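Spelled out from the first residue to the last, the chains are:
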Amino acid sequence: MHAFIRHVFVSSVLVSLTLVCLSPVSASAKAPSVKETDTSNLSPRARRALRRRKLTQELARKGEAELRKSVRVFQQRYLVKARRAELTMGGSVAIGDALMDTYNLDAGLMVHINQSWAVGLSGSYSLASQGEAFNNIQSHFGLFPERSKLQASGFGELQFSPIFGKFNSFGMAVVQMDAYLIAAAGAVRTTIGDGAMKPSWQIGAGLRVHTWRALTVSLEVRDIMFVEKFQAGDRLMQHWFGGIKIGLWIPPTFQYKYQR
Amino acid sequence: MNCKLTTAVILSLCCVIGGFVPSTAFALDDVLDGSPVVRRNLQYRSARHEVTGLVGMTLGDPFIRNILPGARYDYHMFDWLSFGGRIQGGIPIETQTYGEVDRKVTANNETFAMEASSIRLIALGHVSVSPLVGKMLAFSRLPIQFDVHFDLLAGMVGVGSTGDQLQTGTGFSLGAAGGIRVFLSDVIAITTDLQAISTTRALSVNRDSREEGYRSRFNTILNFGVAFFMPPKPSRAD
């Protein structure tokens, strides 16, 4: 038995050494060097053999290049959304509001029913202040307009994601993404109305970049609409917000139904 | 003994080759090793002329909303770099706030006449970089190519007024812009971009009908356009 083990050990060492010695040979066979040799001393038969070898090497190189070009890669979806929850956190800024500067802190929880549809809840806490134009109206014209500042909002939300895509930057890496539409209904609280919640609705669109399988980054534009009761009368208010969100996916891992 | 030796050699060969082969096979199978991430992609911009008809509007102007129809030209030296220019004329539209201020101040001061400045002309040259290029599939069947581009702008901006108290004229302007270009076909794309340009203009007069306030300001403009590319066929990368 000891002899058998010794044979196994010795044979293993010998075979390993042989393979180690052979590996440079195989490497040189994979990437043959085309050295210019002096063929004047060779016999006609040797020259023909050399030419054949060069042709073979050239054909092999071209074949590999063609093979590389002919390979088409079909990527799996990097992010599976179906039956996963997305916990979102971020911030947004009011766009195009000439009189007020408003910033929102946003949070939400979306449940993705499948790859296209999601339902959930979202809410915002608003930090609003008078803008330069509002102050100018007060100081330049002696007018004191009634102020409606957003304070907070909460919405039930529906998302539909009809677009899936990918992009790259200077050929460095391919990043996947999806674009989605938003419709939501809920309530907002403003500085008018003694803290009462007012019915509100919103529409919007977003772009979700699939940065990691458990974390995404979304860019969104939302239009929050509600009717404000000013002393001069009711007015439809529209607040456009542009923002960025981080999405934490629960569970953080997933399995493909069909493995590659 | 010979039988044992043969068995030992075969077993050793199996073990050692078993250890070597997977890595060797992996190395041989990985034909894409070292290949570029994207290849043979259509270069929708490279060595092409782009002419865009566009309409813009200023955002966040309290008294005058400027509607800015115009045109933009780009020559794309590479798929990621272009040079060009844009020219836009301004159509001033008074906002609700303008009317309210005019009405309320006039009620206390009959000599008051509301006046606000507007953008009359934009003539800017630009260099544009498209660092993000991609494709999308809409409704699982409609393929769309797109890019995200960023522009640096320099040129002249003409300022007008709704009255004659505010200073008007043409001044030097700098700016930046960022936007998306979505290709509907090899030739046509729709574009949208957000640009911020500097202008020298006071927003409005005060209640004494005199110019007041900062004159240097950034104006944010949202543009929508339809772009046409020539030559009609995009080239393909290696």
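Asks: I'm lost on helix H3 (residues 132–141) of chain A in this one. Help?
Replies: Because an α-helix completes one turn every 3.6 residues, residues spaced three or four positions apart along the sequence face the same direction. Residues of H3 of chain A that are buried: Ala133, Phe134, Asn136, Ile137, His140 and Phe141 of chain A. Each buried residue of H3 of chain A lies within a common arc of 160 degrees when the element is viewed along its axis, so the set occupies one face. Looking at the buried positions of H3 of chain A, the neighbouring elements they touch are strand E2 (100–112) and strand E3 (117–130) of chain A together with helix H2 (96–108), strand E10 (204–205) and strand E11 (211–212) of chain B. The first or second residue beyond H3 of chain A is Gly142 of chain A, which carries a positive phi of 65 degrees.

Asks: Please clarify how unusual backbone geometry should be interpreted in this entry.
Replies: Negative phi is the rule for most residues except glycine; trans is the rule for most peptide bonds. The omega torsion across Ile250 of chain A and Pro251 of chain A is -5 degrees, close enough to zero to call that bond cis. In this structure, the amide linkage connecting Met230 of chain B to the following residue, Pro231 of chain B, adopts the cis form with an omega of -10 degrees. Inspection of the secondary structure assignment puts Pro231 of chain B in the loop between strand E12 (216–230) and strand E13 (235–236). Phi is positive for Ala47 of chain B, which is not a glycine, with a value near 55 degrees. Along the polypeptide, Ala47 of chain B turns up in the loop between strand E1 (42–43) and strand E2 (48–59). Classification of Ala47 of chain B as partly exposed rests on a count of 13 C-beta atoms within 10 Å.

Asks: Which parts of the structure should I look at to understand H2 of chain B?
Replies: Residues and elements named next belong to chain B. End to end, H2 covers 19 Å across 13 residues, agreeing with the expected 18 Å (1.5 Å per residue, within 8%). Turning to H2, its buried residues number three or more, namely Thr97, Tyr98, Val101 and Val105. Projected down its long axis, H2 shows its buried positions confined to an angular sector of 100 degrees, all on one face. Facing away from the buried side of H2 by over 90 degrees, the exposed positions are Gln96, Gly99, Arg103 and Ala107.

Rules used in this analysis
- Residues numbered from 1 in each chain as written.
- Chains lettered and ligands numbered in written order.
- Predicted model: local features only at pLDDT ≥ 70, side-chain atom pairs only at ≥ 80, totals over all residues.
- Buried ≥ 20, exposed ≤ 12 C-beta atoms within 10 Å, placed from the backbone.
- Helix = DSSP H or I, 4+ residues; strand = E, 2+ residues; numbered from the N terminus.
- Arc of directions from axis to C-beta.
- Contact = placed C-beta atoms within 7 Å.
- Expected span 1.5 Å × (residues − 1).

None of the figures reported here should be taken as evidence of function without further support.
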